[in-house]
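So you can see what is in the structure, the chains are spelled out below.
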Amino acid sequence: SELIRGFLPYGMPCPNSCPPGFLALMAPGLALMAIFSLPSQAGYRRALPVEKPPGVKGRTLILLDVNTKSPVRIISENFLSLQLGVIFLAWETFLTLKWCLSVCALLSLFFFTSCAEHCALLSGDVFLSCCRHMSDPWAGLAISLFSFPFAVDIVRSDIALDKQKGCKIAQHPDIMLELQREKAAQMHLVLLKEQFSNTYSNLTLTARSLDKLYNFADCSGLHLIFALNALRRNPNNSWNSSNALSLMKYSASKKYNISWELGNEPNNYRTLIGRSVNGSQLGKDYIQLRSLLQLIRTYSRANLYGPNIGRPRKNVIALLEGFMKVAGSTVDAVTWQHYYIDGRVAKVTDFLKTRLLDTLSDQIRKIQKVLNTYTPGKKIWLEGVGATSSGGMNNLSDSYAAGFLWLNTLGLLANQGIDVVVRHSFLDHGHNHLVDQNFNPLPDYWLSLLYKRLIGPKVLAIHVAGLQRKPRPGRVIRDKLRIYAHCTSYHNHNYVRGSITLYIINLHRSRKKIKLAGTLRDKIVHQYLLQPYGKDGLHSKSVQLNGQLLAMVDDGTLPELKPRPLRAGRTLVIPPLTMSFYVVKNVNALACRYR
């Protein structure tokens, strides 16, 4: 039998200060995933023979058991996190609306990251002038939000919050909201034009905008990580920190609880400013930033992350090695980015290719090799991941099909020990985000919500038998059935501790049957089956849960995510080209009884 390992993320309940609509989406939860894939190298061994239950063909039945004695890994409570793109500047008025807060409420279990590049301090009311292009213009002015597993006692801003009354829900005239939509649509077109012309103008981030952004994160129970501009350089190519220092002092004066980064994809700086920054110099820049933070009482113990490199090709690995030699001990976690496909040429069939799904594993190993050399045990974050680069493609990277890559990414990362994954993006221009321009949830949003509600941080090993397939000569086997297992979220009060959640991706064009065995045998199972809704199939931007369309009930209310109970001992039938969660109730798994 094959031993499969998986991982799971962890979440926290919504703060008491959140508004009712906010609580709906903020429902506590964890993400569940464990990876199952057949060996892809020579030496593949035939699965052990299993007894064939009466009336079932052995070649079509998969027997599945889970090791319930101890987890193989425990991942961060903030495992699944988000970025907010530069387009938020066109939507900042919306950040205090009930429907925005409600849709963002799920993020209460996340970190939220924000990267500002090409920022230059201006005078008066203008706080920052930020160029949209970092190294990937689609990463824009990104914001990362993470939630802490404990309450953060800070002085809230006076723009949108009242400490005595909690978060305020803004009310705006319909005409104002329509003007905001027009502004966002115009910015969307401008950003697309700049992307394809490779020329970028500046955006202005005022102090008021920063206040609104922080309040949005704080009211949503999120932790803000802000990436400072690393492109401002002195004549000797060292980092010019004057702008960053002004921003940090302003934030400290408001007592904003923020973590920090410096720059984004430093391997592309030559393209942006005409000169490169090597790993050694970048390390010195981070040491300088750490020194500045220590001089500001509010941030003397703030977390610092970086260097947020791009895909680890040879030159990027060299940059990372130079950075780790100089500043490996300075950062709290090492960050990097990964995008699977060029969004301008992607096709729906690309999202079904197991070879593409597995490319991330090689990238992870490269990063881990460097860290094991210089700072063994250092945490790794994938801070910037999406199905496609270049902003994605309409009806593709925002469709049901993109979910295969997204959920498989979560499984791979948890399986290989990545501490946090930051999804690009919650809302941005392009088509890689979780909600559309009207804040209507897209398929990946519903996947993420189920993940957070059902999956806990403890990853369990899976035993599988019954896949009777021989490799053909010269053919690499990459199985299309991927199974993950975690302890069910402790925050989900519908299930007692000791329950287990399975997550399954079926990329086959035929249904698959799974028989639960061992400790899972004869247990009641709750099914959460996600399928595309409507005639668009895999291109659909809507999903159905157990046959029911998922949509917001109103501006502040999520639909009830009802499971379908399956009788004890029933064989799981996995439809073709689907994603599903299965909660195995009352297993009383030793690994899942305690936190």
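How each quantity is defined
Residues numbered from 1 in each chain as written. Predicted model: local features only at pLDDT ≥ 70, side-chain atom pairs only at ≥ 80, totals over all residues. Heavy atoms only, no water. UniProt positions renumbered as here; feature names shortened; annotations may be inferred. Helix = DSSP H or I, 4+ residues; strand = E, 2+ residues; numbered from the N terminus. Buried < 20%, exposed > 50% of the residue type's maximum accessible area, 1.4 Å probe, protein only. Contact = heavy atoms within 4.5 Å. Expected span 1.5 Å × (residues − 1). Polar contact = N/O pair within 3.5 Å; in protein donor to acceptor, adjacent residues only side chain to side chain. Axes fitted to C-alpha atoms, helices over the stretch in contact; angles between N-to-C directions. Parallel < 35°, antiparallel > 145°, perpendicular 65-115°, else oblique. Left-handed = near helix turned anticlockwise from the far one by under 90°. Nonpolar A, V, L, I, M, F, W, Y, C, P; charged D, E, K, R; others polar. Disulfide = S-S within 2.5 Å. Phe/Tyr/Trp six-rings, centres within 6.5 Å; stacked < 30°, edge-to-face > 60°. Lys NZ or Arg CZ within 6 Å of the ring centre and 35° of its normal.

Looking up the chain in an unreviewed UniProt entry gives the name HPSE2 protein, with the organism given as Chloroceryle aenea. Of the comments in the UniProt record for the chain, the one headed Sequence similarities (unreviewed entry) reads "Belongs to the glycosyl hydrolase 79 family."

Undergrad: Lay out the side chain of Asp444 with the relevant residues and their values.
TA: Looking at the element boundaries, Asp444 is found in helix H12 (residues 443-454). Under the relative-accessibility criterion, Asp444 is labelled buried at 4%. Discounting chain neighbours no more than four positions away, the residues touching Asp444 are Ala402, Gly403, Trp406, Arg423 and Leu434.

Undergrad: So what about helix H7 (residues 279-295)? Which residues, and what values?
TA: If you check H7, its first and last C-alpha atoms are 25 Å apart, about what 17 residues at 1.5 Å a residue would give, namely 24 Å. Listing the buried residues of H7 in full gives Gly279, Gln281, Leu282, Gly283, Asp285, Tyr286, Leu289, Arg290, Leu292 and Leu293. Close packing links the buried residues of H7 with strand E14 (223-228), helix H5 (242-253), strand E15 (258-262), strand E16 (304-309) and helix H8 (314-327). Of the residues that open H7, the one with a side-chain oxygen 3.2 Å from the backbone nitrogen of Ser280 is Asn278.

Undergrad: Residue-level account of the environment of Ala302, with values.
TA: Tracing the backbone shows Ala302 in the loop between H7 and E16. The exposure class of Ala302 is buried, given its relative accessible area of 10%. A C-alpha to C-alpha distance of 9.6 Å links Ala302 and Asp332, two positions 30 residues apart in sequence.

Undergrad: Quick one: what's the story with the environment of Leu272, residue by residue and with numbers?
TA: The topology assignment puts Leu272 in helix H6 (residues 269-273). On a C-alpha basis, the gap between Leu272 and Leu231 in space is 8.2 Å, while along the polypeptide they are 41 residues apart.

Undergrad: Any chance you could break down the packing of helix H11 (residues 402-415) against H12 for me, citing the residues and the numbers?
TA: For the pair H11 and H12, interaxial distance at closest approach is 10 Å and the crossing angle is 30°. One element, H11, and the other, H12, form an angle in the roughly parallel class. H12 is crossed by H11, and the crossing has right-handed handedness. Of the residues in H12, those touching H11 at Ala402, Gly403, Trp406, Leu407 and Leu410 are Asp444, Leu447, Ser448 and Tyr451. Each residue belonging to the contact of H11 with H12 can be placed in one class, and the counts come to six nonpolar, two polar and one charged.

Undergrad: Break down the state of the cysteines for me, with residues and values.
TA: This model, assessed by the stated rule, comprises one disulfide. Across a sulfur-sulfur distance of 2.0 Å, Cys487 and Cys592 are joined as a disulfide pair. Judged by the sign of its S-S torsion, about -75°, the bond between Cys487 and Cys592 is left-handed. Taken together, the residues span a long stretch of sequence, with Cys487 in strand E22 (residues 481-488) and Cys592 in the segment after strand E30 (578-584) at a distance of 105 residues. Both residues of the pair, Cys487 and Cys592, belong to the buried class.

Undergrad: I'd like a description of the packing of aromatic side chains, backed by residues and values.
TA: Across all of its chains, the model carries nine aromatic pairs by this definition. Ring plane angle 20° and centroid distance 4.0 Å describe the contact between Tyr214 and Tyr256, whose orientation is recorded as stacked. With a gap of 42 residues between them, Tyr214 in helix H4 (residues 207-219) and Tyr256 in the loop between H5 and E15 connect regions that are remote in the sequence. The class of Tyr214 is buried, set by a relative accessible area of 3%. A relative accessible area of 0% means that Tyr256 is categorised as buried. Aromatic pair Tyr286 and Phe323: ring centres 5.1 Å apart, planes at 85°, arrangement edge-to-face. A residue pair is termed long-range when its members are at least 10 positions apart, and Tyr286 in helix H7 and Phe323 in helix H8 qualify at 37 residues. Judged by relative accessible area, which is 0%, Tyr286 ranks as buried. These aromatic residues form a ring-pair network of at least three members: Phe226, Trp260 and Tyr299. Taking NZ or CZ as reference, Arg423 lies 4.8 Å from the ring centre of Trp406, over its face.

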